[in-house]
Amino acid sequence: MKAIAVTNTTLQDVDIAVPVATGHDLLVRIEAVSVNPLDTKVRAGEAADAAPRVLGWDAAGTVTAVGPDVTLFKVGDAVYYAGSIVRPGANSEFHLVDERIAGGKPSSLDFKHAAALPLTSITAWEALFDRLAIRRDGADAGKRVLVIGGAGGVGSIAIQLAKQLAGLTVIATASRPESAQWVRALGADHVIDHNGDMPAQLLALEITGVDYVLCLSDTEPHFDAIAQVVAPQGKVAGIVHNTAPLDMDKLFAKSVTWVWEMMFTRSMFGTPDMIEQHKLLNEVATLVDAGKLKTTLGEVYGKIDAANLRRAHQALESRRTIGKIVLSGF
């Protein structure tokens, strides 16, 4: 089958064997994939002499075979998922995924629009509702959340979830007029610039503190501002691994809770609650089909091949993308 792999640190078109479904595996014919900053970081970290590695952790497609232990799906089902970082990625014609981390594709979306959703939806959902423990039943309605990096893939979903499900007041960051317009359209109540003085901008809005901070960008450049704006007994979630130690003492006096969200944790360690991601994606699909959540597809870069994936990686590395980049078909 056709695939795109990192070979000598560069994305290249390759031919590899079609994998065989075992256990809880679904063999999925890939219809569309989307590209995330994670892909660029993994590619950059591959050694020049490493074996070719297929990347891609966001996909939508059709089940063509199932392992003997599969109970959640059947051949012919349309699915969407983010896969596991410790297994080969989905930049290939066929791909194996554990049924417990896959969801049924939203029926109202085509494969391209569905492929934009899984990784970012899982990350945003787990960060808000599992890690920060925000209530989805409206019990926390009116509290404030600051979403740093609001126009990116995760931010685009987090704004919607925080607004639509939790009823929070959402302050999103965006650094350009077009990205500010994007986050407002998704439901942000206020927009500030993460490249500027965030505490001063919040004060100008008469906001003296926020109950929650969701940092979707590099943590270190924003850490001091986060420590200033988070309210006493507030909570902060980060999703980007930091390369230098953070001075957590700055959060001590306020008794601030700091949590990390890594959406691959369940699949990486085979946790007993892996199936929660299946349930989560099914619930997201229901919300999309009900018109409560919007897909966050930003641009389609054409078919799935090495040239288009290289363009997508370059765009993501520019840090000027809005929404998700999707590729479709072989």
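Look above for the structure.
About the thresholds
- Residues numbered from 1 in each chain as written.
- Predicted model: local features only at pLDDT ≥ 70, side-chain atom pairs only at ≥ 80, totals over all residues.
- Heavy atoms only, no water.
- Helix = DSSP H or I, 4+ residues; strand = E, 2+ residues; numbered from the N terminus.
- Rg over C-alpha atoms; globule rule 2.2 N^0.38 Å.
- Contact = heavy atoms within 4.5 Å.
- Areas by Shrake-Rupley, 256 points an atom, 1.4 Å probe, with all protein chains shown as cover.
- Lys, Arg positive; Asp, Glu negative; His and termini not counted.
- Charge placed at Lys NZ, Arg CZ, Asp CG, Glu CD.
- Buried < 20%, exposed > 50% of the residue type's maximum accessible area, 1.4 Å probe, protein only.
- Salt bridge = Lys/Arg side-chain N within 4 Å of Asp/Glu carboxyl O.
- Pairing = 2+ DSSP bridges.
- Axes fitted to C-alpha atoms, helices over the stretch in contact; angles between N-to-C directions.
- Core = buried A, V, L, I, M, F, W, Y, C linked by side-chain atoms within 4.5 Å.
- Domains from an automatic or database assignment.

1. Comments concerning the overall build of the protein
Each helix and strand counted, the protein has 10 helices and 16 strands in total. Taking 330 residues into account, the globule formula puts the C-alpha radius of gyration at 20 Å, and the protein, at 20 Å, falls close to it. Oriented by its inertia axes, the alpha-carbon framework of the protein measures out at about 60 × 40 × 35 Å. Put simply, 72% of the contacts in the protein that link residues at least 6 apart link residues at least 24 apart. In the structure as shown, the protein presents an accessible area of about 13700 Å², 51% of it carried by carbon and sulfur atoms. Taking the 31 positively charged and 37 negatively charged side chains of the protein as two groups, their mean positions are separated by 3 Å.

2. A look at unusual backbone geometry
In this structure, Glu206 takes a positive phi of about 60° despite not being glycine. Following the sequence through the fold, Glu206 ends up in the loop between helix H6 (198–204) and strand S12 (210–215). Here the phi dihedral of Gln233 falls at roughly 65°; this positive angle occurs in a residue that is not glycine. With relative accessibility at 67%, the residue Gln233 sits in the exposed group.

3. Some thoughts on the pattern of salt bridges
The tally for this structure, following the rule as stated, stands at 21 salt bridges. Here Asp218 and Arg319 are joined by a salt bridge, their closest N and O atoms 3.0 Å apart. Within this pair, whereas Asp218 is found in the loop between S12 and helix H7 (223–229), its partner Arg319 is found in the loop between helix H10 (306–317) and strand S16 (324–328), the two being separated by 101 residues in sequence. What makes Arg319 exposed here is its relative accessible area of 59%. Linked by salt bridges that have partners in common, Glu126, Asp130, Arg131, Glu261, Arg266 and Asp273 make up one network.

4. Topic: the pairing of strand S5 (residues 59–66)
Looking along a regular strand, one sees the side chains alternate between the two faces of the sheet. As paired elements, strand S3 (residues 25–35) and S5 share seven bridges and run antiparallel to each other. Each residue of the ladder has a partner; that of Leu27, found in S5, is Ala65. As paired elements, S5 and strand S6 (residues 78–81) share four bridges and run antiparallel to each other. Residue pairing in the sheet places Ala59 in a bridge with Tyr81 of S6.

5. Details of the sheet that holds strand S4 (residues 53–54)
In spatial order, the strands read S2-S1-S4; together these three strands make up an open sheet with antiparallel pairing. Strands at the two margins of the open sheet, each flanked by one partner only, are strand S2 (10–15) and S4. Note that strand S1 (residues 2–7) and S2 share six bridges and pair antiparallel. Residue pairing in the sheet places Thr7 in a bridge with Thr10 of S2. Across the sheet, H10 is in contact with S1 and S2; its angle to S2 comes to roughly 155°.

6. A closer look at the nonpolar core
Leu26, Leu128, Leu161 and Leu327 are the most contacted members of the largest nonpolar core, which has 86 residues in total. Among the elements that line this core, the one with the most residues is helix H3 (residues 118–131), at seven residues. A domain-level breakdown of this core finds at least three residues from each of domain 1 (2–119 + 266–328) and domain 2 (121–264). Leaving out residues up to four positions away in the same chain, Leu128 has contacts with Ala133, Ile134, Ala158, Leu161, Ala162 and Leu214. Counting 21 residues, the second-largest nonpolar core is a separate cluster that includes Leu202, Phe223, Ala227 and Val229.

7. Side note on the sheet that holds strand S9 (residues 144–148)
The strands that make up a sheet pair up through hydrogen bonds in the backbone, lying either parallel or antiparallel. The six strands lie next to each other as S11-S10-S9-S12-S13-S14, forming an open sheet whose pairing is parallel. Bordering the open sheet on either side are strand S11 (190–192) and strand S14 (257–260), each of which pairs with just one other strand. Sheet twist, expressed as the mean angle between neighbouring strand axes with direction ignored, is 20°. Here S12 runs beside strand S13 (residues 230–238); their pairing, made up of five bridges, is parallel. Within S13, the residue paired with Val210 across the bridge is Val230. Packing of helix H4 (residues 153–164) onto the sheet brings it into contact with S9, strand S10 (169–173) and S12, and relative to S10 it is tilted by some 165°.

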